[in-house]
Structures are given as C-alpha cells and as structure tokens.
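# Examining the three-dimensional arrangement
Below, each chain spelled out in residue letters.
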Amino acid sequence: MRSMIFLAVFFVFSARAGAYTDVGGRYTAGPGGYAGINAFAEWGEDDHYFRPSLNTYKSDLADRFSTYSFGAGLDRERWSGGAELSLTPETGGYKNLGVYADFTCNLLAVPAADAALQDATLGVFAGLTMHEDLYASSTATVSVGRRGTSSVTLTDAFKLNQTDYGVTAAVKIYGVRASGRFTRTAYSKDITEDARELPLDIGGIGTSGFPDTAVSARVRVPGLPVAPEAGYARTNYLLDQPSSESFTLGLSFKVKKAEISAGWEGFNPGGGQPKSDYWSLGLTLPF
C-alpha cells in the first residue's frame, strides 16, 4: 500500500512539471524468487531537476526491503551537483536513513564538432547512512547472509553510521562513453561478528555484508538506434567476507518517444558460493 501511494505522488508532481517530465521503471527477476522494482519520476528545466524514486525487492529467503528517495540537482556548463535523501522503513527489525551529495566538474569547454574527445568529467561524492537494527546474529550459527542465519533480540537497538565517499570519472571518445567509480566506506564503531550483515544494493540486486571498498566501470555507446552497454563492479567486505563481483550487459532503444531497456547481470558472491543470473526490463516515458 505504501508503494502504491508513493507511485501516485509521482503523477501528482508530473502534472505540475516544468519543461520536461520523465517517468520510468525497471523490473528485475532472479533465482530464489527474487523480484525487484525500481520506479522514478523526474521533472525540471535544462539546468535543474527533481527526482523521487522507489527501490523495492524481495525473495524467498529475504523480507521485502523498500527504499524511498528524493533527489535534486543543478547542471551548469562547467559543473553539476546533486543531493538525495533516502528512507528505508523498518523491515524485520532493520531500518535506515541516508543522505548523499555529489559534485562534478566538466574538464572541457565546448569541444570542436570533429573532436575525438567530446566530454571529460571528474567528480567527488559522499553519503551517510544511519542504520538501526533490533537483532544480532546468533552465535550458534555461521553467517552466510543477513536472511540466511538465526538471530537474537538485542536489549538495545544496534545503531551504526556508515560513511561512503569516493571519486568518479567519465570520458566520451568517438561517441563511446566510459565511466568509473571508486568508493571507500568508514563506520562509526568497530564491526564484530555478532552484528547482522547490512542489506545492500549492488547493481539493483539485494545482497548483504559490510562493504570496505568498491570499484566499478561502465562503457556505453549512446546515440545508436540500439545502444549497448557493459559494466563491472567489485566490492570488498570486512570480517573476512569474500569479495563479490558483478558483470552487466544491456541494450536500450527508442520506440517513438519511449525508451525500452533490457539487461542481464551475473553476480558472483565469491568464496566458492554459487553464481546467479538476473534479468531486467525497463521503460521510460517522457511527458
């Protein structure tokens, strides 16, 4: 019911939109009954935007987690900046509140029409997530995932502040756009084995752990009738948890004004655990 109300708000704001309004969503399916939905609306002018979004997922082994976000940003000729506030309501004793901001510099002025290097940017970002959990992992079990172990009730809620910060870079050469991202994570207290693993989103796939560092890269060829893209992400964790890897492939194309996208993601949790394949289908509509 909460999701339906949030989606309805999208269209209320869309009716009051300025120069443009985009509404879209993506559905992702995977093994173990995994089903995820990401929906958004964006409206604004050429130099600014507002963007509410909803990200929700569940599986046979995990409760449904839903995150509600609201972001806004400014785009100038030589720089751009954005900020976002997010909320994950309590599910299974866990909830969080997050804030995020980024700033990006355009390293090129207006390039020549026949220039090989068409765009180059460098950016920084930071985010704070305030976690609160009413349970801890049972000491009688071995942790293999947040929803895969027993838990015990805590006398006081476990509270943890997670700070993510890092750099981004992107270039567009001969019509091919390549981008990369590096993230480091710090915590407000030491992480111990009895803390339940945090629910994470890696490429839209719900996983668990305490991330330490992460790197990702993406290549896309926009402007073609069918625009292909590929990506890679690797996350390193605390508590001797093996690193995870994610490989993505996707295609997008336009049908009149609508944009349709389809993608595959291969997730490797590491440590010899089984790999998983996830498939997604998305649609974006301008108004």
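Residues numbered from 1 in each chain as written. Predicted model: local features only at pLDDT ≥ 70, side-chain atom pairs only at ≥ 80, totals over all residues. Heavy atoms only, no water.

### Section: the environment of Leu 97
- Structurally, Leu 97 can be placed in strand E6 (residues 94–106).
- The partly exposed category is assigned to Leu 97, whose relative accessible area is 36%.
- The spacing of Leu 97 and Leu 128 is 31 residues in sequence and 8.3 Å in space, taken between C-alpha atoms.
- Other than its neighbours up to four places away in sequence, Leu 97 contacts Leu 85, Ser 86, Leu 87, Leu 128, Thr 129 and Met 130. (Helix = DSSP H or I, 4+ residues; strand = E, 2+ residues; numbered from the N terminus. Buried < 20%, exposed > 50% of the residue type's maximum accessible area, 1.4 Å probe, protein only. Contact = heavy atoms within 4.5 Å.)

### Here's the deal with a nonpolar patch on the surface
- Together, Leu 74, Trp 79, Phe 103, Val 124, Val 167, Phe 182 and Val 215 line one region of the surface with nonpolar side chains, adding up to about 560 Å² of accessible area.
- Tracing the sequence through the fold places Leu 74 in strand E4 (residues 62–75).
- We classify Leu 74 as partly exposed; its relative accessible area is 36%. (Patch = residues over 30% accessible without salt bridge, like charges linked within 9 Å, V, L, I, M, F, W, Y side chains within 5 Å. Areas by Shrake-Rupley, 256 points an atom, 1.4 Å probe, with all protein chains shown as cover. Salt bridge = Lys/Arg side-chain N within 4 Å of Asp/Glu carboxyl O.)

### A few points about the packing of aromatic side chains
- In total, this model carries 10 aromatic pairs according to the counting rule given.
- On the numbers, 5.8 Å between centres and 20° between planes, the contact of Trp 79 with Phe 103 is stacked. With Trp 79 in strand E5 (residues 79–91) and Phe 103 in strand E6, this pair connects stretches of sequence that are 24 residues apart.
- Residue Phe 103 is classed as partly exposed on the basis of its relative accessible area of 38%.
- One aromatic cluster is present, built from ring pairs that chain together Tyr 34, Tyr 57, Phe 65, Tyr 94 and Tyr 278. (Phe/Tyr/Trp six-rings, centres within 6.5 Å; stacked < 30°, edge-to-face > 60°.)

### Let's talk about the pattern of salt bridges
- For the structure on display, the rule yields eight salt bridges.
- Across the pair Arg 76 and Asp 47 runs a salt bridge whose closest N-O atoms are separated by 3.5 Å. Taken together, the residues Arg 76 in the loop between E4 and E5 and Asp 47 in the loop between strand E2 (34–44) and strand E3 (48–59) connect sequence positions 29 residues apart.
- Arg 196 serves as the salt-bridge partner of Asp 133, at 2.7 Å between the closest nitrogen and oxygen. Here Arg 196 lies in the loop between strand E9 (176–187) and strand E10 (198–202) and Asp 133 lies in strand E7 (residues 117–137), a separation of 63 residues in the sequence. Taken as a pair, Asp 133 and Arg 196 share a single burial class, namely buried.

### A look at the side chain of Thr 129
- Residue position: Thr 129 is located in strand E7.
- For Thr 129, a relative accessible area of 18% translates into the label buried.
- Excluding its chain neighbours within four sequence positions, the residues that come into contact with Thr 129 are Asn 96, Leu 97, Gly 98, Leu 160, Asn 161 and Gln 162.

### Some points on unusual backbone geometry
- For Asp 240, which is not a glycine, the phi torsion comes out positive at approximately 60°.
- Here Asp 240 is to be found in the loop between strand E13 (226–237) and strand E14 (244–255).
- Residues other than glycine seldom take positive phi values, yet Lys 256 does so here, at roughly 60°.
- Counting through the fold element by element, Lys 256 comes out in the loop between E14 and strand E15 (258–268).

### A closer look at the pairing of strand E16 (residues 276–286)
- Here strand E1 (residues 20–30) pairs with E16 via eight bridges, running antiparallel. Residue Gly 25 lies in a different strand from E16, and its bridge partner there is Leu 283.
- Bridge count for E15 against E16 is nine bridges, and the pairing is antiparallel. When the sheet's bridge partners are listed, Gly 263 is paired in E16 with Ser 280. (Pairing = 2+ DSSP bridges.)

### Considerations on the nonpolar core
- Counting 15 residues, the largest nonpolar core has Leu 160, Tyr 187, Ile 191, Leu 198 and Phe 210 as its most contacted members.
- For this core, the elements supplying multiple residues, two or more each, are strand E8 (151–173) and E10.
- Excluding residues within four positions of it along the chain, Tyr 187 makes contact with Leu 160, Asn 161, Gln 162, Leu 198, Phe 210, Pro 211 and Leu 238. (Core = buried A, V, L, I, M, F, W, Y, C linked by side-chain atoms within 4.5 Å.)

### Notes on the pairing of E14
- In the sheet, E13 pairs with E14 via 10 bridges, with the strands oriented antiparallel. Bridge pairing in E14 links Thr 235 to Ser 244.
- Between E13 and E14, which pair antiparallel in sequence order, lie six residues; one of them, Leu 239, sits at a positive phi of approximately 60°.
- Alignment of E14 against E15, held across 11 bridges, turns out to be antiparallel. Opposite Thr 248, over in E15, you have Glu 265 as the bridge partner.

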